[in-house]
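# Secondary and tertiary structure notes
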Amino acid sequence: MSVEQGRMAFEWNGTPWRLNALGSFQCVNALPALILGETRGISSADRHQALETLVMTGMRTALQPAGRAHVLDDSYKSNPESAIAALDILVSLPGSHYAVLGDMLDLGPQEMELHRRVLDHARTLGIEVFTTGPVFGRIGESWHEDQDGLFEAVKPLLEEDAVILVKGSRALQLDKLAGRLEKEGNELMKKIKLAVLFGGQSSEYSVSLHSVASLLRNLNRDKYDLSLVGITKEGRFLEYTGDIDHIEHDTWNTPELTTPVAWVHGGYVRPESDEPAAVRALDTVFPVLHGKNGEDGTLQGLMEIMNIHCVGCDTLSSAMIMDKDITHIVLDAQGIPTAKYVCLKAGIPYSAEEILQVIPLPWIVKPCNAGSSYGVHKVDTLAEFDEAAKDAFHWDGRGKILVEECIPGFEIGCAVMGNLEPFAGDVDEIEIHGGFFDFAGKYEMKDSAIYCPARISPEKTEEARALAVAAYQAMGCSGFTRVDMFLQPDGALVINELNTVPGMTATSRYPTMMEKAGLPFAKLLDDLIALSLEKEVGRC
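Analysis parameters
Residues numbered from 1 in each chain as written. Predicted model: local features only at pLDDT ≥ 70, side-chain atom pairs only at ≥ 80, totals over all residues. Heavy atoms only, no water. Helix = DSSP H or I, 4+ residues; strand = E, 2+ residues; numbered from the N terminus. Rg over C-alpha atoms; globule rule 2.2 N^0.38 Å. Buried < 20%, exposed > 50% of the residue type's maximum accessible area, 1.4 Å probe, protein only. Contact = heavy atoms within 4.5 Å. Areas by Shrake-Rupley, 256 points an atom, 1.4 Å probe, with all protein chains shown as cover. Disulfide = S-S within 2.5 Å. Phe/Tyr/Trp six-rings, centres within 6.5 Å; stacked < 30°, edge-to-face > 60°. Lys NZ or Arg CZ within 6 Å of the ring centre and 35° of its normal. Patch = residues over 30% accessible without salt bridge, like charges linked within 9 Å, V, L, I, M, F, W, Y side chains within 5 Å. Salt bridge = Lys/Arg side-chain N within 4 Å of Asp/Glu carboxyl O. Lys, Arg positive; Asp, Glu negative; His and termini not counted. Charge placed at Lys NZ, Arg CZ, Asp CG, Glu CD. Pairing = 2+ DSSP bridges. Axes fitted to C-alpha atoms, helices over the stretch in contact; angles between N-to-C directions.

To continue, consider the overall build of the protein. For the protein, the count of helices and strands is 18 helices and 26 strands. The C-alpha atoms of the protein give a radius of gyration of 31 Å, which is well past the 24 Å a tight globule of 540 residues would have. Expressed along its principal axes, the backbone C-alpha trace of the protein runs to roughly 100 × 55 × 50 Å. By residue count, 51% of the 540 residues in the protein fall in the buried class. When contacts within the protein are restricted to residue pairs at least 6 apart in sequence, long-range pairs at least 24 apart make up 64% of them. Accessible surface for the protein amounts to roughly 24300 Å². Of this, 52% is attributable to carbon and sulfur atoms.

Dropping the structure here:
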């Protein structure tokens with residue numbers, strides 16, 4: 001006899017049978033019915049159907065789904081023999097094993113010894129036990145006074161690949177606990193299984209921590225079965241179970257709060273846990289990762305290979321937008337205005353004088369593959385160029401930098417979201433008192449100010465929104481992106497760059513522009529997650 005897909009499988013009279021019940025004793029109980037049916041001429045097919053569709057009396061080893069777990073409800077009654085039999089059934093089922101045991105009544109003077117015998121049997125089988133009732137209370141092992149306490153203790157197991165036995169005397173009414181667990185599990189399964197990723201092996205690691213802290217404080221958690229996965233500066237993926245403050249202050253990476261994870265098809269596993277093969281299934285991930293190894297298509301490609309939806313742009317568009325040279329090439333081919341530029345590559349000789357023949361000073365020198373204005377310099381004289389180029393190559397890390405003409409005017413931006421039908425939010429304006437909008441200006445508002453909506457005419461606002469959508473579509477964006485532009489003194493608009501994972505604090509530019517367009521931060525997050533689920537994964 002064995003258990004197969006929640007049913008007993010056994011052989012009788014040279015024929016295999018499957019019984020819609022659990023426990024070897026139930027197979028024994030079925031034998032008289034099989035023999036009687038044979039003597040009465042009932043066909044083998046009808047007897048097979050009868051056993052396979054048998055509906056057992058409620059609360060008698062009924063296996064019911066509850067979230068990722070299953071509840072084995074055997075709460076009709078309990079005595080030492082039936083409790084030990086139920087524990088044996090429990091360990092025959094796949095998954096990790098837990099038992100909620102209530103008192104067995106009317107056992108006389110041996111009640112303490114008999115209760116201990118059941119607990120000893122559970123320990124021998126490796127079952128973790130939760131107990132309730134006056135007798136178990138005197139033993140004092142994982143004991144809970146009431147069902148509310150039991151429910152709160154057991155509820156986290158609904159997120160595991162677990163089987164939870166509920167067994168106790170009828171007078172304890174543990175069937176109500178089994179019902180609560182099943183209901184809670186069903187509600188859990190309705191939630192979107194979301195993993196939020198933060199940190200990253202990137203120079204913008206600290207920016208991510210502040211973004212994700214604000215995002216989590218605004219996320220409607222009632223809608224999501226949430227996991228948090230932090231990525232260290234060394235590139236290790238760790239499931240995180242602590243509070244938001246630890247993330248914000250970069251004290252999250254401790255052994256007590258983290259567990260290493262490895263990505264697999266449809267989710268991740270915890271190789272160093274007690275159940276290393278248990279998959280944390282995911283519907284989608286929200287990568288709040290800025291810069292390299294998070295915004296550049298690497299993480300998006302990993303998710304695509306693992307058949308997991310991902311909030312934001314896909315692998316190709318993320319990679320193209322991260323490389324500002326490729327962005328120029330694509331936008332130029334689509335007739336979308338950009339600054340005149342020269343791309344310099346490590347190992348290929350160049351001189352400032354040659355660049356000067358193409359682009360007059362002043363110049364903006366920047367890495368092709370970096371964000372948050374790292375390595376960006378305004379060059380007013382040829383004497384400043386070599387040092388600026390050296391720093392830009394350092395921050396790029398992939399051997400490419402841009403030298404762009406310095407566009408007169410001021411910078412504006414537009415938040416765009418959507419898949420096949422993009423929507424442009426409001427437009428903001430950056431006022432700076434230095435050369436350009438650098439890291440200190442972006443994150444410390446040093447010598448800069450942001451106005452939303454931008455202090456431009458309604459007609460120019462609509463023109464900027466339309467250009468932002470055109471650039472979004474030209475680069476193959478999906479989900480969300482911020483499009484940055486320059487508005488020149490003559491009224492002409494020029495694309496500066498696109499940002500596929502813009503800052504996501506409550507006061508960051510992207511959420512602010514969307515809020516001005518009528519989309520509050522919490523609703524924005526819901527909509528971005530919903531957009532990720534529209535996209536197809538696993539396509540060959």
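Where two cysteines share a covalent bond between their sulfur atoms, that bond is called a disulfide. Counted according to the given criterion, the structure contains 0 disulfides. Here C310 is not disulfide-linked; the sulfur of C313 is the nearest cysteine sulfur, at 9.7 Å. In this structure C310 comes out as buried when scored by relative accessible area, which is 10%. With no disulfide of its own, C343 lies 4.3 Å from the sulfur of C368, the closest cysteine sulfur.

By the definition in use, this model includes 12 aromatic pairs. Over the face of the ring belonging to F151 we find R180, whose NZ or CZ atom lies 4.0 Å from the ring centre.

Okay, a negative patch on the surface next. A contiguous patch of negative charge, built from E128, E159, E160, D161, D274 and E275, is present on the exposed surface. Under the relative-accessibility criterion, D161 is labelled partly exposed at 46%.

With that settled, consider the sheet that holds strand β23 (residues 423-432). The strand order β24-β23-β22-β25-β26 describes an open sheet built from 5 strands, whose pairing is antiparallel. Looking at strand neighbours, the two that pair on one side only are β24 (448-451) and β26 (493-499), the edges of this open sheet. Ignoring which end each strand starts from, the neighbouring axes of this sheet average 25° apart. As judged from the 4 bridges shared by β23 and β24, these two strands associate in the antiparallel manner. Note that in β24 the partner of I432 across the bridge is S448. Across the sheet, helix α16 (residues 458-474) is in contact with β22 (410-418), β23, β25 (479-487) and β26; its angle to β25 comes to roughly 125°.

Coordinates in, geometry out; function isn't part of it.
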